[in-house]
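Coordinate analysis (summary)
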Amino acid sequence: MAKLSTEELLEQFKGLTLIELSEFVKAFEETFEVTAAAPVAVAAAPAAGGAAGGAEEAEEKDSFDVVLEAAGDKKIQVIKVVRELTSLGLGEAKAVVDGAPKAVLEGANKETAEKAKAALEEAGATVTLK
């Protein structure tokens, strides 16, 4: 297996949801018997307990929910994108799409939320950020 560069690792982390990132941090801490530095803990906090502390300190909103309003006429493509964004199984992703309006991602940072919105809209879905 080829060793990943720092940039490649960061790109992989950008694709994770906050919950997945939080789980990774916990596993990393257990595996290497360390405690994550403050920046990682802050990034994981919204997934664990909401954006209570972080949102008050920031001047602009730093936590977004990506809400699927409607799947449009390319439902299968939208289901595929939901699966990519969330790592849900096929049945779970279909349930999200069928249950629209429904949150696809919750507590995502601005960049992740905008990328998710763009990917879903490209697949034909109607999406809002809250």
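Basis of the calculations
For every chain, the first residue of its written sequence is number 1, and the numbers climb from 1 along that sequence. For this predicted model, a pLDDT threshold of at least 70 governs which residues receive local features, and a threshold of 80 or more governs which side-chain atom pairs are given and counted, while totals over whole chains, interfaces and linings are taken from all residues. Think of the side-chain values as coming from all heavy atoms in the structure, minus any hydrogens and water. UniProt positions are given in the numbering used here, feature names are shortened, and annotations may be inferred rather than shown by experiment. Going along the chain from the N terminus, every DSSP run of H or I of four or more residues is numbered as a helix, and every run of E of two or more is numbered as a strand. Pairs were defined over the aromatic rings of Phe, Tyr and Trp, the Trp ring being its six-membered one, requiring ring centres within 6.5 Å. Orientation was assigned from the angle between planes: stacked under 30 degrees, edge-to-face over 60, tilted for the rest. Type-normalised accessible area, obtained with a 1.4 Å probe on protein chains alone, sets the label of each residue: buried when under 20%, exposed when over 50%, and partly exposed for intermediate values. Should any heavy atoms of two residues lie within 4.5 Å, those residues are counted as being in contact. A carboxyl oxygen of Asp or Glu within 4 Å of a side-chain nitrogen of Lys or Arg is what we treat as a salt bridge.

The protein chain appears in an unreviewed UniProt entry as Large ribosomal subunit protein bL12 from Agromyces sp. G08B096. Recorded in UniProt under Sequence similarities (unreviewed entry), the annotation for the protein chain is "Belongs to the bacterial ribosomal protein bL12 family."

Below, the discussion takes up the environment of Gly-99. Position of Gly-99 among the secondary structure elements: in the loop between helix H6 (90–98) and strand E2 (102–108). For the pair Gly-99 and Leu-68, spaced 31 residues apart in sequence, the C-alpha separation works out to 9.0 Å.

The subject of this paragraph is the packing of aromatic side chains. Evaluation of the coordinates by the stated rule reveals one aromatic pair. Measuring from ring centre to ring centre gives 5.8 Å for Phe-24 and Phe-28, while their planes differ by 40°; the resulting arrangement is tilted. In this pair, Phe-24 and Phe-28 are both assigned in helix H2 (residues 18–32), four residues apart and thus about one turn of the helix distant. Judged by its relative accessible area of 36%, Phe-24 falls in the partly exposed class. Judged by relative accessible area, which is 38%, Phe-28 ranks as partly exposed.

Looking now at the side chain of Thr-17. Looking at the element boundaries, Thr-17 is found in the loop between helix H1 (6–14) and H2. The exposure class of Thr-17 is buried, given its relative accessible area of 14%. Discounting residues that sit within four places of it in the chain, Thr-17 has contacts with Leu-85, Thr-86 and Leu-105.

Okay, the pattern of salt bridges next. Within this structure, the stated rule accounts for five salt bridges. When the shortest N-O distance is used, the salt bridge between Glu-11 and Lys-14 registers 3.3 Å. Taken together, the residues Glu-11 and Lys-14, both in helix H1 and three residues apart, mark about one turn of the helix. What makes Glu-11 partly exposed here is its relative accessible area of 47%. Given a relative accessible area of 39%, Lys-14 falls into the partly exposed group. Two residues, Lys-117 and Glu-121, come together in a salt bridge whose shortest N-O distance is 3.6 Å. Pair noted here: Lys-117 and Glu-121 are both in helix H7 (residues 110–122), with a separation of four residues, about one helical turn. Three or more residues are tied together by salt bridges with common partners; here these are Lys-75, Lys-94 and Asp-98.

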